[in-house]
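Chains, contacts and geometry: an overview
The primary structure of each chain is shown beneath.
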Amino acid sequence: MTDRILIVDFGSQVTQLIARRVREAGVYCEIAPCTRVDAAFVASFAPRAIILSGGPASVTEADTPRADPAIFAAGVPVLGICYGQQTMVEQLGGRVEAGHSREFGRATVEVTAPCALFDGVWAPGRRETVWMSHGDRVTALPAGFRAVAVSEGAPFAAIADDARRFYGLQFHPEVVHTPHGAALLRTFTHAVAGCGGDWTMAAFRSQAIVRIRERVGEGRVVCGLSGGVDSSVTAVLLHEAIGERLTCIFVDTGLLRHGEADEVVTLFRGHYNIPLVHVDASQRFLTALDGVDDPERKRKIIGATFIDVFDEEAHRAGGADFLAQGTLYPDVIESVSFHGGPSVTIKSHHNVGGLPERMKLALVEPLRELFKDEVRALGRELGMPDRLLRRHPFPGPGLAVRILGPVSRDKADLLRKADAIFLQEIDLAGLYDAIWQAFAVLLPVRTVGVMGDARTYDAVVALRAVTSTDGMTADSYPFDHSFLARVAARIVNEVRGLGRVVYDVTSKPPGTIEWE
Ligand code: XMP
């Protein structure tokens, strides 16, 4: 069985990064909220080691979360990070105090003694850069522990009990601002916990195929293809597992980018020979959207119409027992929220969430354990074209949320042309991979211009390009002015009906990436 590391989440903003680093070192891991990890959980998970994450609470207060005692009784190595270190110390008999010398950001630790966690990474006497973010600090150690690194604000910046293989770090090894942090985590998983580092995409591929076959049996599966990375990798993996019992449905909403429908059809039918139903439902979507200018209503209409079309097509294709979805790990992690309360809906994301209930289908979600970059690696493992795997994200409601005001076929055609020019220039400039997402937006205004000797009175497009790591925050991409001028000139000259081009420099927050 693959080695598994359990990461117990105490609500840190960066818990997912611990998982990223562990997996990059070739070790499978999962995150579970501290409130769910009890003795039974630990026993059934059977971890090779446990990592306790940081968190926003203070162990100096009575009602804050603790690690279940089963974690320390499991006989496996435990690494406590920040809050995780503090709760470990407090629970095992040491002391934590509300710190008067808070440390936030870059700090220096001095390595004072060797320990198995530092082996081959840090030597005694060295001063090393780390990233700290704590108010409380450990002031007395439990029996068996010794300090192995100190910082100005934390006399116990790193602690070790080599006999029990328990380690604590006051700093965050999972962030890039701790330059040797990934190496320390690797020492913990490999040298201390003895993991083999055999979690590779080749291994995942063969395990996933076995699991898909077990789950699906002789059943039939439908998969909605959007042309994006997640649904495409899901489809290719499923096809490898169950062959012709997979039917892919590609709904052309009329709100796709230039050439997108052809690309999907060519790739899946031509290259992979995967049974594909291609439905041109553009008229149906455009009719349903006729005259609608409210962004939330547009999203709801598209979501509902998609479900109707998909359901009809699945029946027409002979029905199915399972629906395949490209759900990823970040969507299924249940993280601890100490702030509680429902969050405000900024946008109703369109997905196929309503489908399984409506169609009474069970789900197959073979990518549920993967992060986005692992999905790309799996796609490469499956021999999928790089161009598809590198693709920028595209929202479910498509161009409808990039056409401000009511949507029409003419407007979608206009926008597609401008968008294609922008993306082509980005590609030519070699900037595609440096950008998270780039697209054009059609604004509901007209402006005066002059072409030749004639007055024009045409629409405006805004160009949007952002950098981001997860879509949650974003910065506008700092193009050269000459690049933007070239794109603007091409758009206005080549697309009749567009008279002006502007560039959106708003970051997220406060702006969102899409305009609606
Ligand atoms: P926002 O506009 O909220 O977008 O900053 C964040 C990311 O999500 C994408 N997005 C969507 N993706 N269905 C999707 O599958 C949607 O309804 C949807 N709305 C926005 C957006 O393109 C960006 O990558």
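A brief look at the structure comes next. All residue numbers refer to positions counted from 1 along the written sequence of the respective chain. Predicted model: local features are reported for residues with pLDDT of at least 70 only, side-chain atom pairs are reported and counted for 80 or more only, and whole-chain, interface and lining totals are derived from all residues. Neither water nor hydrogens contribute to the side-chain values; these are computed over all heavy atoms in the structure.

Two strands form a pair only when DSSP identifies at least two bridges running between them. The helix and strand labels rest on DSSP assignments: H or I over at least four residues marks a helix, E over at least two residues marks a strand, and numbering proceeds from the N terminus. Across the sheet, 5 strands lie side by side as S14-S13-S12-S15-S16; this open sheet has parallel pairing. The open sheet has two edge strands with one neighbour each: strand S14 (276–280) and strand S16 (362–364). Within this sheet the neighbouring strands show an average axis-to-axis angle of 30 degrees, counted without direction. Contacting strand S12 (221–225), strand S13 (246–252) and S14, helix H8 (residues 260–271) runs over the sheet at an angle of about 165 degrees to S14. Every axis corresponds to a line fitted to the C-alpha atoms, with the helix fit spanning only the stretch in contact, and the corresponding angles, defined between N-to-C directions, vary from 0 to 180 degrees. Note on contacts: a residue pair qualifies if any of its non-hydrogen atoms lie within 4.5 Å across the two residues.

Stacked, tilted and edge-to-face pairs are distinguished by plane angle, under 30 degrees for stacked and over 60 for edge-to-face with tilted covering the rest, among Phe, Tyr and Trp rings (Trp via its six-membered ring) whose centres lie within 6.5 Å. With the rule as written, the count across this model stands at 14 aromatic pairs. Taking 5.6 Å as the distance between ring centres and 80 degrees as the angle between the ring planes, the aromatic pair formed by Trp199 and Phe204 counts as edge-to-face. One exposure class covers both Trp199 and Phe204, and it is buried. Ring centres of Phe479 and Phe483 lie 4.6 Å apart, and the angle between their planes is 15 degrees; on these two criteria the pair is classed as stacked. Using a 1.4 Å probe on the protein chains alone, a residue whose accessible area is under 20% of its type maximum counts as buried, one over 50% counts as exposed, and one in between counts as partly exposed. Take Phe479: its relative accessible area is 10%, and that puts it in the buried class. Among the aromatic residues, those joined into a cluster by ring pairs are Phe422, Tyr477, Phe479, Phe483 and Tyr503. In this scheme, Lys NZ or Arg CZ marks a charge over a ring once it lies within 6 Å of the ring centre and within 35 degrees of the ring normal. Lying over the aromatic face of Phe45, Arg4 brings its terminal NZ or CZ to 4.1 Å of the ring centre.

Turning to the pairing of strand S10 (residues 158–161), a few remarks are in order. Across the two faces of S10 the burial is the same, with Ala158 and Ala160 and Ile159 and Asp161 all buried. The pairing of strand S9 (residues 146–151) with S10 spans 3 bridges and is classified as antiparallel. When the sheet's bridge partners are listed, Arg146 is paired in S10 with Ala160. In this sheet, strand S11 (residues 166–169) lies alongside S10 in antiparallel orientation, the contact comprising 4 bridges.

A separate point is the packing of helix H7 (residues 229–242) against helix H13 (residues 372–381). Running from N to C, H7 and H13 point in directions that differ by 45 degrees, and their axes come no closer than 10 Å. When the interaxial angle is binned, H7 and H13 end up oblique. Helix-helix and strand crossings are classified by hand; for H7 and H13 the assignment is left-handed. In this structure, H7 contributes Val229, Asp230, Val233 and Leu237 to the contact, and H13 contributes Lys372, Val375, Arg376, Leu378 and Gly379. We call Asp, Glu, Lys and Arg charged. Ala, Val, Leu, Ile, Met, Phe, Trp, Tyr, Cys and Pro are nonpolar, and the rest, Gly among them, are polar. Residues of the contact of H7 with H13, tallied by class, amount to 5 nonpolar, 1 polar and 3 charged. Between 65 and 115 degrees an angle is taken as roughly perpendicular, under 35 as roughly parallel, over 145 as roughly antiparallel, and anywhere else as oblique. Each crossing is labelled by how the near helix is turned from the far one, with a counterclockwise turn of less than a right angle marking it left-handed and a clockwise turn marking it right-handed.

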